[in-house]
Amino acid sequence: MVGMSNERGSAPGNGKTVHGVFKWEMVRKALRAAEEGAYCWEIADGHIYYTEQCMRMLGLPLDEWAPNIFTETDLTIHAEDRQFFTAAVQRFLSSPGSAPLRVEVRLLNLRSRGWRWIRVNGLLEQDAAHKPVRLVGVWVDITRRKMADLHAMEDRDLFRTLINYLPDSIYFKNRESRFVIANEATARKMQVRTPSDLIGSRDEDFFDAAMSSVARSEERDIMATGRPITNRIHREPWKEGHSTWTRISKFPWYASDGSVKGIVGISSDVTELIEAQHRYRDIAGKLDERNRALEKEIDLAREVQQALQPVSIPDRVWKLEDGTVRRAHFHQVYMPSTGVAGDCFEVFPIGQSGLGMIICDVMGHGVRAALIASMLRGLMEQVANLADTPGLLLSSLNRQMSRIFTQASITMFASACYVYLDLDKKRLTLSGAGHPAPIIQMPDGRAYLPPIPRSPALGLIENAMFRESEIRLEPGMKLMLYTDGITEARNAGGDELGAQRIMDALAAQRPQDVKGMLDAALHTMRQFTGNAPQDDDICLLGVEFREGE
């Protein structure tokens, strides 16, 4: 075959067909032109042969030894897939039948140490005694399709989790006003066992005839005109004779082609508040109690969020053969403006000598922004295999966020700046998504903003591309990633601080280490703003490159 592992250099002789003789070189060209990778496993002697496409999926050059994925699964197959893969292959070898082998697994790229999904297809050749002799087949890269399936499942799970944990009743009805989707709160309100028990039901199955007729008429009007009902309080007479009060909103449910599929309803039970209007003190006491409970929840959320941010970041060290040590030393500052923040950062090792640094700023403040920031953390784990390519990592994050926001019908975005630092190659690779460029201070004290290609924020344009720029590391160089909470801080006259004032202060003070750099930036801000309150979250992440024996 074109590319082979284990035994190299040999290839079958020229083949013949009913149309005549063709050269082996034609087979080579055909295999190289195909997107799939072909393999041939000689079962008796254990040798395996790969085409160039297989070697590329393994991350190896054509002339390098490659492990046998069928017998050396610990070197090639994801740990979660090994037992399943080995069992599937053994079942096929013992009783192949007429259908070919088809099994999907995660394959390790031996160069990047990243994973890709492949489908392994194969046909078995047997000798006269029906003993397996040779397994021949192809690998098909299904990473894009597999990841799309996984993301779709995650989106559905996220939606279901979100509506099930909300205390309000949320439901979808079709054009006949029959329930098609409902959350746990709606099932509890209707006193059925599970939300599935509501599917196909109508209001008349629970409420009296008069109210059910009014609700049906309202929903027909919403579907016909598109006019929603928002935050209306009304009485709900039930079949059993009792009544409750609810605050309800209803609006049209549109299909992707613009047609109306039905209505969406959101309601919350306000019976206690309505019945207690004449008892103002009791209502005030209940509201005060609920506020305290909410404050406790926000305090807990703030504690959890701050716990997720590392108190200190260990140095990243790379030692050369000549005894030279290269070190990345960190310092960070995290200052939410409210209980919880929409700013976040992460620092994580990559390979033997690299590390990734990302800082994000979600639109807005408070709980909503904090939820999106938490979601970003989860998405980062899914794109860890792209950590050494900042542009691709931001592109993948952007696609996933755009799909989630679109499906949830919300308008949100987050700016981000990602830096890949390679201690071995002494270089920084940067990419940004609508985020301010970091401040770099050179050993001579000069501070400047590095050029980063302009790109939109995450979540706005699904197919946006994110480009990169590179900077060579120099001993003593310091870099500060920051959110706009510091540069957009205003003084009493309404003027913004800006990045230039910070760089001027750094050049004048020439801090000795990265902690001093961040302290100098904060001191400059406080001198500029005076007693003005902090209106935005502030997040600073600094790194200093050191080199020596």
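Remember, it's a predicted structure, so these values are computed and weren't measured experimentally.

Next up on the list: the packing of helix 10 (residues 366-382) against helix 11 (residues 390-408). The contact between helix 10 and helix 11 brings their axes to 10 Å, and the two run at 130 degrees. The angle between the axes of helix 10 and helix 11 places the two elements in the oblique class. Crossing geometry of helix 10 relative to helix 11 is assigned as right-handed. Where helix 10 abuts helix 11, its residues Ile-372, Met-375, Leu-376, Leu-379, Met-380 and Gln-382 lie against Leu-393, Leu-397, Gln-400, Met-401, Ile-404 and Phe-405.

Along its 16 residues, helix 14 (residues 514-529) runs 23 Å from first to last C-alpha, staying within 8% of the 22 Å computed at 1.5 Å per residue. Taken as a whole, helix 14 has its buried residues at Val-514, Met-517, Leu-518, Ala-520, Ala-521, Leu-522, Thr-524, Met-525, Phe-528 and Thr-529. Residues of helix 14 that are buried sit in contact with strand 14 (325-335), strand 19 (439-441), strand 22 (478-482), helix 12 (484-487), helix 13 (498-509) and strand 23 (538-548). Positive backbone phi, at 65 degrees, marks Gly-530, one or two positions downstream of helix 14.

This part is about the nonpolar core. Core analysis: the largest hydrophobic core is formed by 30 residues, its most contacted members being Leu-393, Leu-394, Leu-397, Met-401 and Tyr-418. Sorting the residues of this core by element identifies strand 15 (343-350), strand 16 (354-362), helix 10, helix 11 and strand 17 (414-422) as the ones contributing at least two each. Take this core: its biggest share by element is 7 residues, from helix 10. When residues no more than four places from it in sequence are discounted, the contact partners of Leu-393 are Ile-358, Met-380, Val-383, Leu-386, Ala-387 and Tyr-418.

Across the sheet, 6 strands lie side by side as 13-14-23-22-19-20; this open sheet has antiparallel pairing. The sheet is open, and its two borders are formed by strand 13 (316-319) and strand 20 (447-448), each paired with just one other strand. Against the sheet, helix 13 engages strand 19, strand 20 and strand 22, with an angle of about 15 degrees to strand 19.

Rules behind the numbers
Residues numbered from 1 in each chain as written. Predicted model: local features only at pLDDT ≥ 70, side-chain atom pairs only at ≥ 80, totals over all residues. Heavy atoms only, no water. Axes fitted to C-alpha atoms, helices over the stretch in contact; angles between N-to-C directions. Helix = DSSP H or I, 4+ residues; strand = E, 2+ residues; numbered from the N terminus. Parallel < 35°, antiparallel > 145°, perpendicular 65-115°, else oblique. Left-handed = near helix turned anticlockwise from the far one by under 90°. Contact = heavy atoms within 4.5 Å. Expected span 1.5 Å × (residues − 1). Buried < 20%, exposed > 50% of the residue type's maximum accessible area, 1.4 Å probe, protein only. Core = buried A, V, L, I, M, F, W, Y, C linked by side-chain atoms within 4.5 Å. Pairing = 2+ DSSP bridges.

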